[in-house]
Structures are given as C-alpha cells and as structure tokens.
Amino acid sequence: MGWFTKTKESIVPTNLWTKCQKCEDAIYNKDLEKSLHVCPKCGYHFRLSVSARIGMLVDEGSWNEIDGHLRTADPLQFKALTSYSERVERAVDKSQALEAITTGLGNIDGRPAAIGVFNFAFMGGSMGSVVGEKIVRLVDRAIEESRPVLVVSCSGGARMDEGVLSLMQMVKTSQAFSRLSDVRLPFLSVLTDPTTGGVTASFSMLGDVVMAEPGALIGFAGPRVIEQTIKETLPEGFQRSEFLLATGVIDMIVRRSDLKATLCRLLDFFLPARAVKAISSEIPETADADAGAALTL
Amino acid sequence: MGWFTKTKESIVPTNLWTKCQKCEDAIYNKDLEKSLHVCPKCGYHFRLSVSARIGMLVDEGSWNEIDGHLRTADPLQFKALTSYSERVERAVDKSQALEAITTGLGNIDGRPAAIGVFNFAFMGGSMGSVVGEKIVRLVDRAIEESRPVLVVSCSGGARMDEGVLSLMQMVKTSQAFSRLSDVRLPFLSVLTDPTTGGVTASFSMLGDVVMAEPGALIGFAGPRVIEQTIKETLPEGFQRSEFLLATGVIDMIVRRSDLKATLCRLLDFFLPARAVKAISSEIPETADADAGAALTL
Amino acid sequence: MKELPFEHHLLELEKKIDELKSLSKAHFIDLSQEIQTLTAKLEKSKAETYSNLTAWQTAQLARHPRRPLTLDYIAALTEDFLELHGGRQWPDDHSIVGGLARFQGEPVVVVGHQKGRDTKENIHRNFGMPHPEGYRKALRLMKLAEKFDRPILSFIDTPGAYPGMEAEERGQAEAIARNILEMSRIRVPIVVIVIGEGGSGGAVAIGAGDAVLMLEHAIYSVISPEGCASILWKDASKAEEAARALKLTARDLLDLQVIDEMITEPLGGAHRDPKTTSGDVSDAIGRHLERLRAMTSDELLRLRYDKYRRMGVYTEKVNGE
Amino acid sequence: MKELPFEHHLLELEKKIDELKSLSKAHFIDLSQEIQTLTAKLEKSKAETYSNLTAWQTAQLARHPRRPLTLDYIAALTEDFLELHGGRQWPDDHSIVGGLARFQGEPVVVVGHQKGRDTKENIHRNFGMPHPEGYRKALRLMKLAEKFDRPILSFIDTPGAYPGMEAEERGQAEAIARNILEMSRIRVPIVVIVIGEGGSGGAVAIGAGDAVLMLEHAIYSVISPEGCASILWKDASKAEEAARALKLTARDLLDLQVIDEMITEPLGGAHRDPKTTSGDVSDAIGRHLERLRAMTSDELLRLRYDKYRRMGVYTEKVNGE
Ligand SMILES: [Zn+2]
Ligand SMILES: [Zn+2]
C-alpha cells in the first residue's frame, strides 16, 4: 500500500485515486507518483515517505543506511495516557521504521553525500536521543569522509517523552554542525512540511543554504500556540515557506521537481576542486524566488 | 569669550547668563561651567568645546596632542558659493582649530588612553581626509603603545567638499579599528549631539561599547532628509539617544557628570592585568538605562 | 507574601505562633512553652514539606513571584555592573539583560533572562520571554566576553521563547539555533545557573555552557507541564502529572547528567533567604570558574563538546530488525 | 527609449536617417548619398557628445532607465546563478540581491544593489535603496564566500541608503559600519564594479573591495548632486554645478586613485550595447580576479588595507600654526 493512500485526508475510497488536500482534485495515484507526489493541478506538495525521498534524490544502488539499529531506551520511563514505550512500538508498527530519522551515505547524481531524512510518520518526526545521536554520527562520518551533509527535515520538534534530554539534542546536533563548519564542509538543509520546534531552532536553520519546499509550515512555535498567545487567528500563509522567504529567514524555495538539480548545483558550488560542468539547462531560473514578495506582512 | 556665549541661541544680552535651549531657564555662566555645561534645571547637555571635553576627561598635565599640524589640501579644488579653501580658513578663524578633530594621548584618572575629540565648531565636525588620517594615526599609535581608544564624536558626517575622498574615510577609519580589534584593545565610542552621516555609519558605531550623552541626535540620515523622503514630520524624540537605546543600537546613555567614572569602569573591565579597585561608589546604577523604554516606536 | 497551596499549613502555623507571641506580649502571659512546641512543629513540618516537594510543587516554587530574579543575583553577586543594551538589532529586548561586571573581583560578562515582579514590570520584560533580538544581544555580549577573555555567567529564568507573530517573523528559530552554535565556539568559560524556570528553547539559547548549575527548586524542561499536559493528556489540568513525568527538577536533571551541580536552597526556598541563596550561588560559581579558568581554551571547547555529545540515552541492537 | 536632454539632436538625426531610409525604400529613390552623409554626421556628433559629457550628463546616463542593472550583468556574466534570500534578518531586502554563480567557469558569490525597470519593480526594489537588512544579507553572503574560499563580485548601483524611519530604527548606520569593517577582514578577493550610481554610504557598504572597477558613465559620490546643491548652494537646481564640483565621474575617480580601472562603454552608453558592455566588464573582472587569486589571503588583506589607508589628500606643516 502506497504511503499517501494511508493519510486520513485521502477520502476517496479506492486506492487508485488520491484527493489533493489543497485543490481537492482527484489525482490518479500513478500520476502522483510520477510527479514526485506533487499535485499536477495546483502544485501542492504531498508529504513524502523516507523511501520515496531517498529514491528521488539518491542514485540507485548508492544508498547505504548507517546507524539504523539505534533505538530509544526510554530514559525517563515516561508515561502519559500511554507509556512512551508503547507509543514507540506503535510508531514502529505504523511507520515500519525504528526511529524518526533515517541516515546514510549515498550519491546525488554522482556526488557523494551524507544524508539524513526525517520520518514524520514516526512520532511526528520528533527529535529524541536517537535522532540526535544519528545526526551527530552522520556528521562525524561526513567529516571522516569529507562528504557534504544534506538533511531533509520534517518534524514537530523535540520529543517530549524524553524530556530535557530531547532539549539537549538541540545542543548536541548544533555543535556537530559547528564542527562540520570548522572543516568547511557544506551543510544543505531542506525544510519540508512541517518543520517546527526544536528541529527548526537548532541544526536545521544552520545550513549554509537553507531551502524549503513550497507551502511548507516552518516555525519555532506552532500556529496553535501562537494563536492561543495572541488570541487571534493567524493570517493565511503565516509561517509558510513563502513567508519565510519574504522575512529573510530562508534562502530559497525549491519545487520538488527542481530539488535534485538544485542540490547538485549547490554541491558543485561548495565542493572544492571538482571539475564539473554547469547543469543550468536542467532547471528553470530561481523559480518562486520572489513568490514571497507578494505576501503582505 | 566662552564657547556657549557664542551660540546664536544664547539670546540673553549679557555674557553672564546663558539661556537653556530646552527649558529656557537663564543659567549663570559660572554655574554652567561647574555643571560641565549641563542645565542644572532640566539636564539639557550643551555642546562642549574640545578643550572643555578634554579638560573634563583627561588628567591635568597628561594631555599630548598628536598630528595637530595636518591640514586639508583641497584635493577637488572644490567650489560651491564659496570655495572650500575659503570655508576652511573661515572655520579655522571661527573655531581656533585647524581641523574637525583633535587627537592625542592622555590619562583618564590614571589610565593611559588614545583619545580623539570631534570639533563641531569646525565645519560641523565633518570628516574629510585630515580627520580620517588623524583617526588612523591615533589608532596606529594606540596599537604601538597598547592603549585603548576613546573617540568622542560630534559630526554632521562626511565632508562634501572632499567628495568621494571623504566617503573613503569611512573605509579607512573603520579598517583601522578592525586592526585595533584584532589586537584586542578596546574602543570606547561616545556619541554626542549631533552625530550623523558618514561618522555614525563608520567607526563611531564600531565601539566595543557605544554610549551616548542624553538627548543627542544620532543617526545616519539627517531628520530633514527623512522628513523630505517620507513627507511627514518625525515624532518627538526620533533619532535621540533614548530612541537609540530602545532600538538596541547603542549600549548605554551616560550623563556627562557620570562619563569619566563610566569610562574608568569600562577601561578597568577591558584592560588586562590591571589590579584596580571597584569605583562603584562614584556613580549611580546605570542611570537612564531604561529611559528609552517609555518611547513609543 | 503570595501563598502556594502546599505552603498553607505552614503559613497557618506561622500565623498561630505570631498570635501567641502578641498575646504573650500584650497580656504578660508566659506562653513560651506553647510557642516553643509550635515552633518545633513548624520546623519539622517545613523540613518535611520542602524536602518532599512534588515536581509540580517545585514548578510553583520556581515561578514564585518573590523568587530572586536575574538582576537580584547580579546585584548580590557582582560589583560594578554596567548594563549594555546594544544588541545592534532592533529593538532592545528587555526580557534579556546583560552587561559587564566583577564577580569575586574579576571581570565577567553576565547575561540572563529577566522577569518582572509585578504586572507593569512583567509587561516591560515580556514575562521573561525573549524575542530573537534578546538572543542576539546575549550573543553579542558573549562575543565581547570572548574578545576580552572574560568568563560568562548566564542566568536562566524564562517560561520559554515568546510564541508571538513578530518573534516568528524575525527569525526566532534561527536566532536560537545561531546562539547554540556560536556558544559551542566561544573560547571562554561559560557558567550557566538555572535560577527559576528553564523553559525549553528559550532557555537553551543562552544555556549551552561548560558548567550548568541549578537551584534546588528550579525547573528545566523541554516543555512546560501545562503545555505537555494539553498535548499528551489533551487536558491542561493534568499539569501535575506532566510535571512528574517530565523529570524537570534539579534532582532529576542531576540523575540524567544534564546539570553539573544542584545548589541547595534555604528551607522554604530561595525567596525566604535570598542572602544565603546568593552566597551559595556565588560559592558554586566561584568553584566552577576556578576549575574552568585553569583550562586552555582548546581543552575547554573539547570538554564542552564532549559534555553535550554524551547527552542522550539509547540502545544499539547489533542486529537491527 | 527615454530621451535625455543632451541626446536630443542625436535622436533627431537618427529619426531623419530612418525617414530617408523608409522614403528610399517606399519610392525606390536612391538616397544613399544623403543617408551616408547624415550617418557620418551622426557618428561624428555622437562621438563629440559622448566623449565630452559633463558630469551632470554622466549622472543622467548613470541613472538612465534602460541602463543594464545588476541582475542583467549577473545574467550576462555568470552561469548557474542561484539567488539566496536569507539574510537571516527580517525582512528580506529586495534592493540588494545576491547568490551563488559561476563566473568564467569558476564559482563566485555575487552581491549587488538592484533597481527596478518600471514603477512596480522600483517599488519592489525600493529604487535600489537598501535598509539595514540588505547590507546584512550581503555580509552573510560574503562570509559564505569566505568560508568556501570563493571570490566575491559586488555590483554597485544605488542612489544611497534609504533615508526612512524604519531604516534608522533598525540601525542603518551600524549595518553600514559593520559591513565596512567586516569587508576589511574577508579573506577572499572582492571585486567591486560600479555599474550605475555609487551613492554614498549605501554604496560603500558593499564597495570596500580589493579592486574597484567603474563603468565610464557611472558615478560615485559622497552625496547626490541634488543633495549637495541644496545644502551648499541652498538650491537644488544647481545640481549641474554640484555634479561638476563633486568630481564624481569615473575619470575623476581614476585621477583621485579611488578606483582601479575605468571600463569604457560603447558609444552612447552601456544601454545602447549591453552585450559589448558586459563582455568588457567580464574581461576586466577576469583580469583583476586572476591577479587577486594569485595572492595569499594575508597578502590580499594587507594590500586591501594599504589601498584604503592611502586614500585622502592632506598636507603636513611641520610647524603648525
Ligand atoms: Zn491540488
Ligand atoms: Zn534647561
């Protein structure tokens, strides 16, 4: 069963069609897959599974997952309505993954990289001890092998069930990227819908280039928390990618169809002594670059 | 004849009294001198002459002016209604000084420093080649002798009559302070009424601590230029010290009566290996520190 | 003094003792026996209450309106404090204060969250909840400290980063991230003292130091108990349970090796004896500073890195599923 | 095409030639003799006009609405341009653009002021007048260039820093000063090209490079002629005199040793032949980059310092008055 047919928003009864969450058009699933899960009509970017993301970015046969065996040890013996351990087991079942990030080594159109992809299906992509550790090990590995780092974020933030330890992952991961920066290896950070809380407020904002997919919710505080604070409804588009571009927080908005080519261009720019040819023919001129300008702040 | 009796605002016919520009009180000149030219009633800070400024800050007998012989060479052969040379000669007559800054070495309550004081009476304290050169030489001297640098600014900005060369003094002076910073000698910048244009937008904003006298006009663009641009009258207090404190631009507002003691505290803080006693008894706790908070932005 | 629910019986006892004392004085009756008995009972009861506080009670003490605030500690612990407002970023953020001072005679740079004492002050201080400019001001001051080789004291006392529109607009997340990254590079000792509330990202943005000390009745958490309750229990009134589950007290954090030292408070909390508290805080800071100043900055940075590198608990199954 | 006053007679001649050509074509009359004469006259007249422009005429050409702008040069000179918007400072300033590109095959970082072509664009670009965030964005990009050892190309084309309330509020002066200071430390080559207006602090904030090149009909000044006239002549209409007095043309700046090279424009100005212009700009940049890249970064910084250290003209009287 494909990922998107599982989403609660896909209310079309058959597995052949998926309803777009934005324009409500019914899209033939095969078409959606071909379009990298972007609505052909309105451009809405559906959330992508880890395997689909790796599939679209990493050269076939080049992917080597690392540290896939790390698992949480429930340091707080945390229990809310259900216990953390139970919640984790349920997440494992639901997502068919062991944790909220998958890390590994792979090539992007021939360019070696160290890559992390968040898994929103696993407890909302939240960052606890394992996510933090996996990111640091990824960076360590990148430094060892002189690879650039790419992280595709999709996360609700720190994982409450690990309390202050998950808060500390913000420090742990950020300082790892500080070391990466010291050796002048590039970090490309891609923010996808949604990226909030402790992930936004740590490593994911520290990319040499920070880019976002169109329409992604990106922020520190979640919209509901803000609305409770200010006792007002947030304006349309607040904390969306286009808003972050207009506010100077992110560098660019990249459509999913342009992502791989853009990453290649960036890697070619940052990596020393690679005799590469320009690949400008493949992608349009800085698409959406000014889309945010129309937004009224 | 004292400085303040010359200002056109002092309309009281006798030389014994000066009228306060803010509260309009008549102040007995001897009292004004005793109060460091601060209105005893409303606290208005009158503009200070270079000699009075040096007198209030530098230990008697410790002052050694340097580079006092530098003079402009009118590189553009500039002529508006009158020629630059004429304007300079007039300024020399009026101010009894050769240029818009006086630089030298002196002790501040026993602490050696390299000190520059702008002279507004000389062509509005404007920065041309000579001012730039004197500042750079002052910094060079400070580096040679491991002295901290203090500059008391009072300037309308770059000197138009030297065209682009005066613009280049912004670079020339700023990069000198970059060198001072490299050797970790402190730069204390005191902004007085008014400090605008190319002086504000270069070295004077680069202090390790940037402080201002109360009520001083400080900005990049002058208020009249802004009013012409926005076609509105500026709100009361705009671009005044208290406004700059509230906007996070400057570090503190220091009353003239507290300036020397504050500078001493700062120098003691920054300078290594000086066994000094705290002198906190002499000055009140961060006076006016929050005055700007009441200002509506 | 505002009363916390769990302090009710203590305050009742205190009141009774005062009444007996007045009575004795007014009518020349000897009630010393009764007073002595009650006083002993009070002391015992106090000891019991404060040495067995629940996490939720601790959270209430941590937020006690009379609890000493950052500027109180600065005033008590340092001399010659000069506040610097210039974060060089619009506007000046009053929820974070900082400046130059002397601690035990030596120049230091201090930064910290500042709450207010009353409504007016709290509005001015935004209840100790920073906007991006607050972090950037703190960072500027920390860089100033680094430039002149002065150690940094950072006082933590915030409900968290301000969750408002302007804070988001002006890059709250990036400001916090930037601070954390830059703090990992600052080449002078950073001693952090959690004096009240250590609220999530807003706390860690000035909290990633070499030594993290924490007052006995302070809390430090990834989310407020109320916030956690409303998300995980879907019921904000479950804050008490959430507080316990979150392991947010100094003792918890000591167990989790997130803090380096717990500073014991006088019986009844810091606000009942600020002088003793600040004395103890001063001693603790002094000890850690001495230790940290003995290191080269390379050692310091290595140890700081290792400290946070180790944080986190996980297992490695050699044969993953 | 918009007409500048001093171009009137040229445009008239051009029109007449076109008329004769149409006439000749429509009526099969041989007017080649007349056309040839007029064309020769036009060329002579053009040469006379454009090689003897007054400073004020140059200023008008520098601001010509059809003159190539920064993004035009980026498009013509570089490949693979990726614009980066994130100055990490609210908001994104559209009057300064920048990003990553390839120049002559090599990765470079480009920054520059961006004016608009029409009213709508000009409002979006704020007429090329930056707020503080624009400079900070440029600085971030320059630091990115430094980190990855890529040279910087900076295009200057601004009437000046924006003289508005918000710009002042958010620290215009500090932002300019900071950029100048930081540029003196950037350890990669910085080539500056003044392509249109070099307006005062707003220009120098991204203009303090190793090599400063300037197009023949660009201007670079401490104040606009109009501003200077209204201050020194108390009469804005004296702009023409002010322009002359200010010595703001490329030839003047070459004499004053403020720029390193003047790039000759095609007859009639860059907008009449953007292709040739950008080719010449590309050659000039290439030459300077080659020279600068051969240096170590220590050499580079030393020479950059010396370059500005020397600027200024004064006398030293050994016995001052
Ligand atoms: Zn759609
Ligand atoms: Zn007065």
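Computed from a prediction, not measured in an experiment: that's the story for all the values here. (Residues numbered from 1 in each chain as written. Chains lettered and ligands numbered in written order. Predicted model: local features only at pLDDT ≥ 70, side-chain atom pairs only at ≥ 80, totals over all residues. Heavy atoms only, no water.)

Going through the model one piece at a time under the given rule, you end up with 96 salt bridges over all chains. Between Asp258 of chain B and Arg255 of chain B there is a salt bridge; the shortest N-O distance is 3.7 Å. The exposure class of Asp258 of chain B is buried, given its relative accessible area of 9%. Residue classification places Arg255 of chain B among the partly exposed residues on the basis of a relative accessible area of 31%. A single network of salt bridges, built from pairs that share partners, joins Asp67, Glu133, Arg137, Asp140 and Lys172 of chain A together with Arg309 and Glu316 of chain C. (Salt bridge = Lys/Arg side-chain N within 4 Å of Asp/Glu carboxyl O. Buried < 20%, exposed > 50% of the residue type's maximum accessible area, 1.4 Å probe, protein only.)

All names here are of chain A. Those protein atoms acting as donors to the zinc ion (ligand 1) are Cys20 (SG), Cys23 (SG), Cys39 (SG) and Cys42 (SG), and they sit at 2.2 to 2.4 Å. In this structure, the zinc ion (ligand 1) is coordinated by 4 donor atoms arranged in tetrahedral fashion, with angles at the metal of 105 to 115°. Mapping the donors of the zinc ion (ligand 1) onto the primary sequence gives the spacing C-x2-C-x15-C-x2-C. Taken together, the residues Cys20 in the loop between β1 (17-19) and β2 (26-28) and Cys42 in the loop between α1 (29-34) and α2 (50-57) connect sequence positions 22 residues apart. (Donors = N, O, S within 2.8 Å, 3.2 Å for Na, K, Ca; no water. Tetrahedral: all angles 85-135°; square planar, octahedral: opposite > 155°, others 65-115°. Helix = DSSP H or I, 4+ residues; strand = E, 2+ residues; numbered from the N terminus.)

Let us now look at the coordination of the zinc ion (ligand 2). Octahedral metal centres with six donors ideally show angles of 90 or 180 degrees, and tetrahedral centres with four donors ideally show 109.5 degrees. All names here are of chain B. Ligation of the zinc ion (ligand 2) by protein atoms is provided by Cys20 (SG), Cys23 (SG), Cys39 (SG) and Cys42 (SG), these donors lying 2.3 to 2.4 Å from the ion. In this structure, the zinc ion (ligand 2) is coordinated by 4 donor atoms arranged in tetrahedral fashion, with angles at the metal of 105 to 114°. Donor residues for the zinc ion (ligand 2), ordered by position in the chain, follow C-x2-C-x15-C-x2-C. Within this pair, whereas Cys23 is found in the loop between β1 (17-19) and β2 (26-28), its partner Cys42 is found in the loop between α1 (29-34) and α2 (50-57), the two being separated by 19 residues in sequence.

Turning our attention to the packing of aromatic side chains. Here the structure, examined in full by the defined rule, presents 21 aromatic pairs over all chains. An angle of 10° between the planes, with centres 6.1 Å apart, marks the rings of Phe118 of chain B and Phe203 of chain B as stacked. Taken together, the residues span a long stretch of sequence, with Phe118 of chain B in strand β6 (residues 111-118) and Phe203 of chain B in the loop between α6 (197-200) and β9 (209-212) at a distance of 85 residues. As far as burial versus exposure is concerned, Phe118 of chain B and Phe203 of chain B are alike and both buried. With a centroid separation of 5.8 Å and 15° between ring planes, the pair formed by Phe177 of chain B and Phe203 of chain B is classed as stacked. Taken as a pair, Phe177 of chain B in helix α5 (residues 163-182) and Phe203 of chain B in the loop between α6 and β9 lie far apart in primary sequence, 26 residues in all. Here Phe177 of chain B falls in the buried class, since its relative accessible area comes to 3%. Taken together, the aromatic side chains of Phe118, Phe177, Phe187 and Phe203 of chain A make up a single cluster linked through ring pairs. It is Arg47 of chain A that lies over the ring of Phe120 of chain A; its NZ or CZ is 4.1 Å from the centre. (Phe/Tyr/Trp six-rings, centres within 6.5 Å; stacked < 30°, edge-to-face > 60°. Lys NZ or Arg CZ within 6 Å of the ring centre and 35° of its normal.)

Looking now at the sheet that holds strand β9 (residues 209-212) of chain A. Residues and elements named next belong to chain A. The mixed open sheet is built from 7 strands, whose spatial order is β3-β5-β6-β7-β8-β9-β10. A strand with exactly one partner marks an edge of an open sheet, and here the two such strands are β3 (64-66) and β10 (252-253). Looking at chain direction, β9 and β10 are connected through 2 bridges and run parallel. Its bridge partner being in β10, Met211 is matched across the sheet by Met252. Here helix α9 (residues 256-270) sits on the sheet in contact with β5 (101-108), β6 (111-118), β7 (149-155), β8 (187-195), β9 and β10, set at roughly 150° to β8. (Pairing = 2+ DSSP bridges. Contact = heavy atoms within 4.5 Å. Axes fitted to C-alpha atoms, helices over the stretch in contact; angles between N-to-C directions.)

Further remarks concern the domain arrangement of chain C. Residues and elements named next belong to chain C. Considered domain by domain, chain C is made up of domain 1 (5-52) and domain 2 (59-309). Spacing between the C-alpha centres of domain 1 and domain 2 amounts to 36 Å. Taken together, the contact between domain 1 and domain 2 spans 9 residues of the former and 8 residues of the latter. Across the interface of domain 1 and domain 2, roughly 680 Å² is buried in total on both sides, 57% from carbon and sulfur atoms. Its largest share of buried area at the contact with domain 2, domain 1 owes to Phe6, Glu7 and Tyr50, together 61% of the area lost on that side. Our enumeration of links across domain 1 and domain 2 arrives at 2 salt bridges. We note a salt bridge from Glu14 to Arg272, for which the minimum N-O separation is 3.4 Å. (Domains from an automatic or database assignment. Buried area = accessible area lost by both parts, 1.4 Å probe.)

What follows deals with the environment of Leu256 of chain C. Secondary-structure assignment places Leu256 of chain C in the loop between α12 (250-255) and β8 (261-263). For the pair Leu256 of chain C and Leu289 of chain C, spaced 33 residues apart in sequence, the C-alpha separation works out to 23 Å. Beyond its immediate stretch of four places on either side in the chain, Leu256 of chain C contacts Pro75, Leu76, Val164 and Leu165 of chain A together with Lys247 of chain C.

Okay, the nonpolar core next. By size, the foremost hydrophobic cluster in this structure holds 174 residues, and its most contacted members are Met211 of chain B together with Leu153, Ile193, Tyr220 and Ile285 of chain C. Top element by residues in this core is helix α5 (residues 163-182) of chain A. It accounts for 9 residues. When near neighbours in sequence (up to four residues on either side) are disregarded, Ile285 of chain C contacts Leu77, Phe103, Leu153, Val191, Ile193 and Leu213 of chain C. Within the second largest apolar cluster, 173 residues are counted, among which are Leu150 of chain A, Ala80 and Val139 of chain B together with Leu100 of chain D. (Core = buried A, V, L, I, M, F, W, Y, C linked by side-chain atoms within 4.5 Å.)

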